[in-house]
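Report on the structure
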Amino acid sequence: MAAIELRGLTKVYPGGVKALDALDLDIPDGEFFALLGPSGCGKTTLLRTIAGLEIATGGAVVIGDRDVTGVQPGGRDVAMVFQDYALFPHMDVTENIAYPLRIKKVAKSARRAKAVEVGTRLGLEHLMDRRPGQLSGGQQQRVALARVMATQAQAFLFDEPLSNLDARLRLEARTFLKKLQRELGVTTVFVTHDQAEALAMADRMAVMESGHIRQIGTPAEVFQRPANTFVAGFIGSTPMNLLDGAVRGDTLDVAGCKVGVPSSAEGRLSDGEKIVYGVRPEYMSYSAEPAEGALGGKVAIVENLGASHLVTLDVNDVIVQAVVPEGSEPSLGDDGYAVPRRDRALVYRDGELV
Amino acid sequence: MTARFVAGRIGFYTLIAVLLAFFTIPLLWLATAPFTSDPTYEVGVPDFTWENFQAVAEHPYALPSLYNSLVLSVGTALLVVAMAALAAYALSRVRLPGRDALLYALLLLSSIITGTAAMVPLFQLAVELNLIDSHLGLILILTGGLLPAAIFMMKDFMDSTPKSYEESARVFGASPLQIVRHVVVPLVRPGLATIGVWAVANVWGNFLMPYLLLSDVEKQPAAVITYTLYTEGGQANLRMLSTFGLLYSVPVVLMYLFVSKKYGFRFHGGIKR
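Residues numbered from 1 in each chain as written. Chains lettered and ligands numbered in written order. Predicted model: local features only at pLDDT ≥ 70, side-chain atom pairs only at ≥ 80, totals over all residues. Heavy atoms only, no water.

Focus: the domain arrangement of chain B
Residues and elements named next belong to chain B. Along its sequence, chain B is organised into domain 1 (3-49) and domain 2 (61-263). The C-alpha-based centres of domain 1 and domain 2 are spaced at 34 Å. Listed as interface residues are nine residues of domain 1 and, on the opposing side, eight residues of domain 2. Buried surface at the junction of domain 1 and domain 2, summed over both partners, amounts to about 680 Å²; 78% is from carbon and sulfur atoms. The largest per-residue losses of area from domain 1 upon contact with domain 2 belong to Leu30, Pro34 and Pro39, which jointly make up 55% of the total buried on that side. Inspection of the region where domain 1 meets domain 2 yields zero salt bridges. At the boundary of domain 1 and domain 2, one finds zero residue pairs in polar contact (both at pLDDT 80 or more). Here the residues of the side of domain 1 that touches domain 2 are counted per class, giving seven nonpolar, two polar and no charged. (Domains from an automatic or database assignment. Contact = heavy atoms within 4.5 Å. Buried area = accessible area lost by both parts, 1.4 Å probe. Salt bridge = Lys/Arg side-chain N within 4 Å of Asp/Glu carboxyl O. Polar contact = N/O pair within 3.5 Å; in protein donor to acceptor, adjacent residues only side chain to side chain. Nonpolar A, V, L, I, M, F, W, Y, C, P; charged D, E, K, R; others polar.)

Next comes the structure, spelled out in structure tokens:
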């Protein structure tokens, strides 16, 4: 078990593409850490640089107080699960799980015993003689996990571990993975482009955009107080309302409506200032009657989310979305009023949280 | 079903039958003539004699030449497979400026190396290097001729194996040679088999190079010996030719059947799975 520390990590690909730009990151021992971002943001490059599969252009990678920046992947004492699992198709499950031990020159009987032990723990005992091609996606994933567990490495690196599973299995695997990580207590870094996955599994997460970390925090912090409009737009299964507005005395002028200043921004705004007003659809209370501090308009779209509805209001030609519990959903064309919760609404100045 | 349709069908199948006969009759001849006492150019019912085989066995150079063919083709195939695999792996995994141009240039040159155009310089080279009349020299030259195309084909196999297998082994601490042994070679085994069979078949049927570079008749392979099977009168010795031809073709057919059964000649490039 070891902490991972990145200092000023930079990766420039031949051709001048800067995939990582002077990143600093501390991942304490035993943490389940998510790297989240849209495709091309550098999250996979970061993971591969920690693994040693990419050579850093600048900066340092420290794993458990040991600077491993120039060390070959095999010498870093990390184990990695690849997006396609990379199970060797010509070896059966036992041989696959035992492969890291074979490299470490563990005797054949000892490594088979270890493979069976780890495989049994992950519920693979009746599949040990199969080839990867004869396994389902979920089983393949568990074999890949068993293989990294057999290494007893200091840290685990997962590259999009759930993206090759179908939707229902993914939820099961999410719970399973989180439980497993907690039991093993091994520092684990995983990469995902799915914000729901990161929020659900991680102890802490970093949101990345074009080679920079835009926010680091617990899932609750990142969800409730996105540090900038990029994170605000990226996190959340229904996107946050980000509305252009201006400060008018004690209130805000947003989409032609008068709304109260969010409690987090009180006393920090000056009159006449241009701002972006952010509020999640989940943090709006909806009513059919006019209310003070509400964003009012005509109902344009109603989307069924299951236990609730996502109502899209047309507020003076600005789109505002609110989540409405089941049973009180409006009809198209109705007048609707959405009141943001003052303790949850946020104000951004020049893209950064006030 | 109109009369026109029926007539069309009859015409179609007649054409197929004629085409089939065109390709089958020589094969039938090869199957029957060796067992006929006095074969002609016609396909006849054999009288199942073994005399022709005895005659081949008594020929001083016939059976040794098959052994020579075996040595030359297996030796060349082993060299080609080993060298093409390493070269293709490197070319597939290391990014070099002008790599593709190099590959195409090699492929183009390969048709020249063992072709008629290079006969004289090759002969001179072999003489200078004291490799004339030696199986080793011939194997080296044949290998040189086959390698570019083999590398080209092999690179396709290498390209189609995902890199993550190797990266995975690397993170577990495998050395480059371990990666090649444990991961890459098993993954491209069908490719290696394909190249091996292709090389054997190529050398087995090569007439020009051994004819040119081997003067000792005891070292000649079967393809060259076939050319000497004439009667005293200068006529083609059909008894010997047919029997020797059968013996000459059987090993290659068996090899194809064996490898095809074992590896199925799966070409797994081209389509992303």
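Here the narrative resumes, following the displayed structure.
A look at the UniProt feature "domain: ABC transporter" (unreviewed entry) in chain A
Per the UniProt annotation, the sites labelled "domain: ABC transporter" (unreviewed entry) are residues 4-235 of chain A. With 37% helix and 25% strand, residues 4-235 of chain A has its two end C-alpha atoms placed 25 Å apart. (UniProt positions renumbered as here; feature names shortened; annotations may be inferred. Helix = DSSP H or I, 4+ residues; strand = E, 2+ residues; numbered from the N terminus.)

A word on the pattern of salt bridges
Scanning the entire structure with this criterion turns up 19 salt bridges over all chains. For Arg182 of chain A, the salt bridge goes to Asp203 of chain A, with nearest N and O atoms at 2.9 Å. With Arg182 of chain A in helix H5 (residues 167-184) and Asp203 of chain A in the loop between helix H6 (195-201) and strand S9 (204-209), the pair connects residues that are 21 residues apart, well separated along the chain. In this structure, Arg214 of chain A engages Glu209 of chain A in a salt bridge whose closest nitrogen and oxygen atoms are separated by 2.3 Å. One network of salt bridges, with partners in common, ties together Lys11, Arg48 and Glu54 of chain A together with Glu167 of chain B.

Re the sheet that holds strand S5 (residues 66-67) of chain A
All names here are of chain A. Strand order in the open sheet formed by four strands is S2-S1-S4-S5, and the pairing between neighbours is antiparallel. Each having just a single partner strand, strand S2 (18-27) and S5 make up the two edges of the open sheet. Sheet topology note: the strand S1 (residues 4-12)/strand S4 (residues 58-63) ladder contains five bridges and is antiparallel. Following the sheet pairing, Arg7 is matched in S4 by Ala60. (Pairing = 2+ DSSP bridges.)

A closer look at the environment of Asn164 of chain A
All names here are of chain A. Topologically, Asn164 is positioned in the loop between strand S7 (155-159) and H5. Looking at Asn164, the relative accessible area reads 45%, which means it is partly exposed. Here the alpha-carbon distance between Asn164 and Asn228, two residues 64 residues apart in the chain, equals 31 Å. Once residues within four sequence positions are removed from consideration, Asn164 is found in contact with Gln83, Asp84 and Tyr85. Within the structure, the side chain of Asn164 is placed 3.1 Å from the backbone oxygen of Gln83, a separation counted as a polar contact. (Buried < 20%, exposed > 50% of the residue type's maximum accessible area, 1.4 Å probe, protein only.)

Let's talk about the packing of aromatic side chains
Taken as a whole, this structure holds 17 aromatic pairs over all chains when the rule is applied. Residues Phe88 of chain A and Tyr99 of chain A carry aromatic rings whose centres are separated by 5.0 Å and whose planes lie at 75° to one another, so their mutual orientation is edge-to-face. Here Phe88 of chain A is found in the loop between strand S6 (78-81) and helix H2 (93-103), whereas its partner Tyr99 of chain A is found in helix H2, with eleven residues between them in sequence. Like Phe88 of chain A, the residue Tyr99 of chain A is buried in the burial classification. A centroid spacing of 4.9 Å and a plane angle of 20° characterise the contact between Phe207 of chain B and Tyr211 of chain B, whose relative ring orientation is stacked. Under the relative-accessibility criterion, Phe207 of chain B is labelled partly exposed at 29%. Of the residues examined, Tyr211 of chain B reaches a relative accessible area of 44% and is grouped as partly exposed. What links up through ring pairs into an aromatic cluster is the set Phe35, Phe48, Trp50 and Phe53 of chain B. Taking the ring centre of Phe88 of chain A as reference, the NZ or CZ of Arg147 of chain A above it sits at 5.0 Å. (Phe/Tyr/Trp six-rings, centres within 6.5 Å; stacked < 30°, edge-to-face > 60°. Lys NZ or Arg CZ within 6 Å of the ring centre and 35° of its normal.)

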